[in-house]
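Below are the chains, spelled out letter by letter.
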Amino acid sequence: MKNKVIYPGSFDPPTNGHLDVIDRALTVFDKVIICIIVNPSKKTLFSADERKNMFNKIYSGDDRIEITSYSGLLVDFATEKRVNTVLRGLRAVSDFEYEFQMALMNMKLKPAVKTVYLMPSPEYTYLSSSLIKEVYSLGGDVRSFIPEVVEKYLHRKLAKKRKR
Ligand code: ADP
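Quick caveat: nothing in here was measured; it's all calculated off a predicted structure. (Residues numbered from 1 in each chain as written. Predicted model: local features only at pLDDT ≥ 70, side-chain atom pairs only at ≥ 80, totals over all residues. Heavy atoms only, no water.)

## Quick word on the nonpolar core
Judged by nonpolar contacts, the single largest core of 17 residues is most densely connected at Ile22, Val32, Ile34, Phe55, Tyr59 and Ile65. Breaking this core down by element, the ones donating at least two residues are strand E1 (4–9), helix H1 (16–25), strand E2 (31–37) and strand E3 (65–70). At 4 residues, the largest contribution of residues to this core is made by H1. Not counting residues up to four positions away in its chain, the partners in contact with Tyr59 are Leu19, Ile22, Ile34, Ile65 and Ile67. Counting residues in each nonpolar core, the second largest holds 13 residues, with Phe46, Leu127, Ile132 and Leu154 among its members. (Core = buried A, V, L, I, M, F, W, Y, C linked by side-chain atoms within 4.5 Å. Buried < 20%, exposed > 50% of the residue type's maximum accessible area, 1.4 Å probe, protein only. Helix = DSSP H or I, 4+ residues; strand = E, 2+ residues; numbered from the N terminus. Contact = heavy atoms within 4.5 Å.)

Next comes the structure, spelled out in structure tokens:
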């Protein structure tokens, strides 16, 4: 049986920070299941399908990566997949409080669920999807922080917004 981990998140959009965490996870786990969590009350720039397509392009042909989206509780997804290990990234102390709450809540909901944390390479510690969207929308060059395909999606989305 393969050693699998679920990597849940908004990924709106995926950044090199997310990819760095996935690369690191692949040195520990055989398979990473990227789970785009769809939360109807959370407004996102990209639809779940767009986020899924971006990951599909980034990891095309890599059978160590599974890409899926889920609308519901992470612990239910874990039960469906029969995987009880969850991966999260830790950038700074500021992430800790929220991650601590989430991990404890998930453990309460399903005691078998364990959360593991990986730190990214230092150059990504200050990187977030929201910062990318903000800098990009103001015309900043974010190419060194995101995969090429994400830049294309951002470009298209921004062009569409400008036309409105
Ligand atoms: P969420 O809304 O679930 O926090 P994100 O897409 O912002 O979704 O993040 C998903 C996961 O990836 C979280 O564990 C987050 O801490 C981690 N993450 C986000 N950006 C980075 C980064 N630059 N380096 C390392 N981990 C990151």
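## Thoughts on the environment of Pro120
Position of Pro120 relative to the elements: it lies in the loop between strand E5 (114–118) and helix H5 (129–137). Pro120 sits 97 residues away from Asp23 along the chain, and the two C-alpha atoms are 9.6 Å apart. Excluding its chain neighbours within four sequence positions, the residues that come into contact with Pro120 are Asp20, Val21, Arg24, Leu90, Arg91 and Thr125.

## A short note on the site of the ligand
Tyr7, Ser10, Phe11, Gly89 and Tyr124 are the nearest of the 17 residues found near the ligand. Contact distances for the ligand include 2.8 Å between an oxygen atom and a backbone N or O atom of Phe11. In this structure, Lys42 approaches the ligand through a side-chain N or O atom, which is 3.0 Å from an oxygen atom. Its free accessible area being 540 Å², the ligand has 90% of it covered by the protein chains. Mapped onto the shell around the ligand, the elements with two or more residues apiece are E1, H1, strand E4 (85–89) and helix H4 (93–109). When its residues are assigned to classes, the shell around the ligand shows 7 nonpolar, 5 polar and 5 charged. (Near = heavy atom within 4 Å. Polar contact = N/O pair within 3.5 Å; in protein donor to acceptor, adjacent residues only side chain to side chain. Areas by Shrake-Rupley, 256 points an atom, 1.4 Å probe, with all protein chains shown as cover. Nonpolar A, V, L, I, M, F, W, Y, C, P; charged D, E, K, R; others polar.)

## A closer look at the pairing of E4
Judged by how many residues are buried, E4 sits mostly within the fold: 5 of 5 residues are covered. Side chains Thr85, Leu87 and Gly89 project from E4 onto one buried face, and the interleaved Val86 and Arg88 project onto a second face that is buried too. By the bridge criterion, 5 bridges tie E4 to E5 in an arrangement that is parallel. Paired with Thr85 across the strands is Lys114, a residue of E5. In terms of handedness, the path from E4 via H4 over to E5 forms a crossover that is right-handed. (Pairing = 2+ DSSP bridges. Right-handed = clockwise from strand over helix to strand, strands pointing away.)

No statement about biological role is implied by the geometric values presented.
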